[in-house]
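Secondary and tertiary structure notes
Chain residues, written in single-letter form:
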Amino acid sequence: MSEKQAISEAELHAWADGRLGEGRRAELEAWFAAQPEEAERAAAYRSFNEMLRGRYDPVLDEPVPPRLERAARRSSRPRALALAAGWVALGIAIGTIAGWQLHALQTPPQAAKAEPPVIARRAALAHATYSPEVRHPVEVGADQEQHLVAWLSKRLGGEVRAPKLDGEGMALVGGRLLPRDPGPVAQFMYQNAQGRRVTLYVRTEGPDHRETAFRFAREGNVRVFYWIDRKFGYALSSADLERDELLKLANVVYRQLNP
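An account of the accompanying structure is given in this report.

Thresholds, definitions, all that
Residues numbered from 1 in each chain as written. Predicted model: local features only at pLDDT ≥ 70, side-chain atom pairs only at ≥ 80, totals over all residues. Heavy atoms only, no water. Helix = DSSP H or I, 4+ residues; strand = E, 2+ residues; numbered from the N terminus. Buried < 20%, exposed > 50% of the residue type's maximum accessible area, 1.4 Å probe, protein only. Core = buried A, V, L, I, M, F, W, Y, C linked by side-chain atoms within 4.5 Å. Contact = heavy atoms within 4.5 Å. Salt bridge = Lys/Arg side-chain N within 4 Å of Asp/Glu carboxyl O. Pairing = 2+ DSSP bridges.

A word on the overall build of the protein chain. Of regular secondary structure, the protein chain possesses nine helices and seven strands. Taking all 259 residues of the protein chain together, 38% fall into the buried category.

Set out below in structure tokens:
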């Protein structure tokens, strides 16, 4: 694809929404093959859209709230009821989109309790995007672990390690480099004999970040334990493990990273 044909942000979202024509979609997907970071970003948008549809589409079938229906009946305008329903749907959509766009801003303590923090939400999204993959779950396989760790360490600007979880029944599948968050992010994937998967999300933290204890968040069906340890922030995610199982594994990861 030439520079003149380069993908715009609008087309990226149109692709994620399935709204592009067949010809243009084929062009973009060919371009993605040469732009892995853009392909990952587009896949993340699509996964996020699917999560939103799964969570909010049922609202469209819900009845109009009684207070709005009563107000519509009292109004002399025949389209009042439809307008009221439209405002309900619009309010949900605006609130959802605004919450996602502003998720990186600092929130007050009350809001922080209700919404998972940035690292937990992005780790959960990355897990939901890549853990279901069968043919290409990782970018570099476990058979090239030494190369994988060296590559990710170089990109993140510090020593990155892949914990050994074989004793817990979890074998390393491999890892990948994720889009900027705002800097590069590493993701390691593990799997047990039953095919249950966990991912370890690692990103560089700023110098003003203090170390934290384990904290728990849940995004959809993905459970996440996250913490900050010196230079890096970590998030261990799984949709397959229960909270206690994931906490046990998080403790093993922490001990291995802090021998």
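Having seen it, we continue.
A few words now on the nonpolar core. Counting 29 residues, the largest nonpolar core has Phe188, Tyr190, Leu200, Val202 and Leu236 as the members making the most contacts within it. Every element with two or more residues in this core is listed here: helix H8 (145–156), strand S2 (171–178), strand S3 (185–191), strand S4 (197–204), strand S6 (222–229), strand S7 (232–238) and helix H9 (243–257). Not counting residues up to four positions away in its chain, the partners in contact with valine 202 are Leu156, Val185, Ala186, Phe188, Phe232, Gly233 and Tyr234. Core analysis: the second largest hydrophobic core is formed by 16 residues, Ala123, Ala124, Ala126 and Val185 among them.

Attention now goes to the pattern of salt bridges. Taken as a whole and judged by the stated rule, the model has six salt bridges. The residue arginine 24 makes a salt bridge to glutamate 27 at a minimum N-O spacing of 2.8 Å. With arginine 24 and glutamate 27 both in helix H2 (residues 22–34), this residue pair falls three residues apart, about one helical turn. On the basis of relative accessible area, glutamate 27 is assigned to the partly exposed category, the value being 36%. For arginine 196, the salt bridge is made with glutamate 245, and the minimal N-O distance between the two is 3.2 Å. Here arginine 196, found in the loop between S3 and S4, pairs with glutamate 245, found in helix H9; they are 49 residues apart in sequence, far enough to count as distant. For arginine 196, a relative accessible area of 26% translates into the label partly exposed. For glutamate 245, a relative accessible area of 35% translates into the label partly exposed.

Before going further, it helps to examine the pairing of S4. Summarising burial for S4: seven of the eight residues are buried, a large majority. The hairpin formed by S3 and S4 contains five residues between the paired strands, and glycine 195 there has a positive phi angle of roughly 85°. Summarising the sheet, S4 and S7 pair through six bridges and their orientation is antiparallel. Counterpart to threonine 199 in the pairing with S7 is serine 237.

By way of backbone hydrogen bonds, the strands of a sheet pair with one another, either parallel or antiparallel. Spatial ordering of the open sheet is given by S1-S2-S3-S4-S7-S6-S5, a layout of seven strands whose pairing is antiparallel. The open sheet is flanked by strand S1 (140–141) and strand S5 (215–219), the only strands paired with a single partner. Alignment of S6 against S7, held across seven bridges, turns out to be antiparallel. From the neighbouring strand, tyrosine 226 faces S7, where its bridge partner is alanine 235.

Backbone geometry at arginine 230 places phi at a positive 55°, although glycine is not the residue there. Residue arginine 230 is classed as exposed on the basis of its relative accessible area, which comes to 51%.

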